[in-house]
Structure formats: C-alpha cells, structure tokens
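# Results of the structural survey
Each chain is listed here by its residues.
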Amino acid sequence: MKKFFAIAILAVASLTANAQAWLGGNIGYTSTTNKIETNHYSTDATSSNFSFAPEVGYDLDETWSVALRLSYAHTDSYSVKLNNTTFSGKANSFAINPYVRYKFFNEGNFTVFVDGGITYGTTHINGYSDVIENPNFFNIAINPGIAYAISDNVTLVAHFGDLSYNIATVKAKKYDAKSTTNAFNIGLDNSISFGVYVAL
C-alpha cells in the first residue's frame with residue numbers, strides 16, 4: 001500500500017507543475033437506520049459514513065480529463081436494544097483512485113460529466129485486529145456529476161449515485177479461512193458527495 005501512495009504523490013507533483021492542472025476534493029456523508037422489532041425487544045441498527053477525498057486533475061481538452069484521488073473514510077455502526085445494551089463498531093479506510101472524466105454537456109457555467117475509474121484500498125476495523133487481517137477492496141465504478149464554475153478558477157462539484165462492481169477480501173488470522181465478497185451496485189440516492197476544484 002505504501003508503494004501506491006508514493007506513486008500517487010509523484011503523480012500529484014508532476015501534474016501540478018502544469019497550468020492546466022487543478023486541485024480539488026470531495027466530502028461525503030451517508031447515514032442509514034433500520035428498525036427491527038419482535039415480541040420481546042426493538043433494535044435500531046444504524047450506520048454512518050464520513051469520507052474525505054483530495055484529488056488532482058489535468059484537463060486534456062474541453063471534453064476529457066484525467067485525475068488521481070486519495071481518500072479516507074470513517075464508518076460507525078451500532079445497534080441499541082430496549083434495555084440500552086449497545087453494540088458498536090468502527091472502521092477506517094484508505095484508498096487510491098485514478099480515473100478519467102468525460103464532460104458531455106456544457107452550457108454557460110454548468111457542466112454535466114461522468115467519471116470512470118478504479119479504486120484499490122484497505123480497511124482497519126477497530127476491535128478485530130487480533131482476529132482478522134485488514135480487509136482489502138477493489139472497485140470499478142462510473143459516477144455521474146455536475147459542476148458549476150463560480151469564477152475562472154473555482155468550480156463547485158457534486159457527484160450523485162454510482163454504477164459499480166466491488167470485490168472485498170477478509171482473511172482470518174488464527175484459522176485457514178478467507179471470505180470474498182462480490183457486489184454489483186446501481187443507484188442514484190445512496191451516495192452523494194460535494195467538492196470544490198481550484199485551477200492552478
């Protein structure tokens with residue numbers, strides 16, 4: 001993983017040396033609550049996720065761009081029963097994500113685009129480090145978005161939804177066991193993030 005971040009830093013340095021480069025970032029937050037009720041108790045299963053992803057990009061022309069994003073995400077999950085017993089868990093994820101951007105609509109200060117890229121990352125789950133290795137994950141995704149230029153150098157950006165394929169692998173330390181999850185996702189309402197780009 002350290003080699004990936006070293007390569008990312010070199011790529012950032014080379015891109016920012018060019019006048020067509022831009023710096024930016026996204027901040028995202030999602031929250032989910034499921035209520036489970038039986039004859040004996042009721043449970044609220046809640047999870048929340050905060051993500052921060054700085055990035056650097058390069059405009060090849062008016063239509064195509066290439067970019068590199070480094071991301072961090074923190075997840076909290078817990079369930080509360082009627083007797084106030086609480087079960088909780090926390091996770092921290094780090095990832096690297098190179099992608100390309102296709103801008104298919106420009107009108108005035110508005111731009112509509114689609115990002116397509118790959119992501120590789122790892123997750124540290126608090127409280128389970130002595131049982132399992134840090135899970136690794138791989139993702140291929142297409143993310144639509146819109147941008148609004150408030151000046152020649154500053155642009156507001158929003159992403160909403162994704163079309164993605166995800167692979168996650170978890171290995172047990174004390175046993176010869178491994179779990180691999182494959183998931184396909186499509187949705188417009190479960191992933192929203194906002195960011196700001198500054199031209200260099």
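Not measured: the values here are computed from a predicted model.

With that out of the way, let us pick up the confidence of the model for the chain. In regions of low pLDDT, the predicted coordinates are not meant to be interpreted in detail. Of all residues in the chain, 74% attain a pLDDT of 70 or more, and the chain-wide mean is 79. Note that pLDDT drops below 50 for residues 12–19; the model gives that stretch 11 contacts with residues more than four away or on any other chain.

Let's shift gears to the packing of aromatic side chains. Scanning the model with the defined rule gives five aromatic pairs in all. Aromatic pair W64 and Y102: ring centres 4.9 Å apart, planes at 45°, arrangement tilted. Residue W64 is found in strand 3 (residues 64–80), and its partner Y102 is found in strand 4 (residues 86–107); the two are separated by 38 residues along the sequence. The class for W64 is partly exposed, based on a relative accessible area of 39%. Ring geometry for Y102 versus F104: centroids 6.4 Å apart, planes at 25°, classification stacked. Within the aromatic cluster, the residues linked to one another by ring pairs are W64, Y102 and F104. The ring of F113 is capped by R101, whose NZ or CZ atom sits 3.9 Å from the centre of that ring.

Reading guide: rules and limits
Residues numbered from 1 in each chain as written. Predicted model: local features only at pLDDT ≥ 70, side-chain atom pairs only at ≥ 80, totals over all residues. Heavy atoms only, no water. pLDDT = per-residue confidence, 0-100. Contact = heavy atoms within 4.5 Å. Phe/Tyr/Trp six-rings, centres within 6.5 Å; stacked < 30°, edge-to-face > 60°. Helix = DSSP H or I, 4+ residues; strand = E, 2+ residues; numbered from the N terminus. Buried < 20%, exposed > 50% of the residue type's maximum accessible area, 1.4 Å probe, protein only. Lys NZ or Arg CZ within 6 Å of the ring centre and 35° of its normal.

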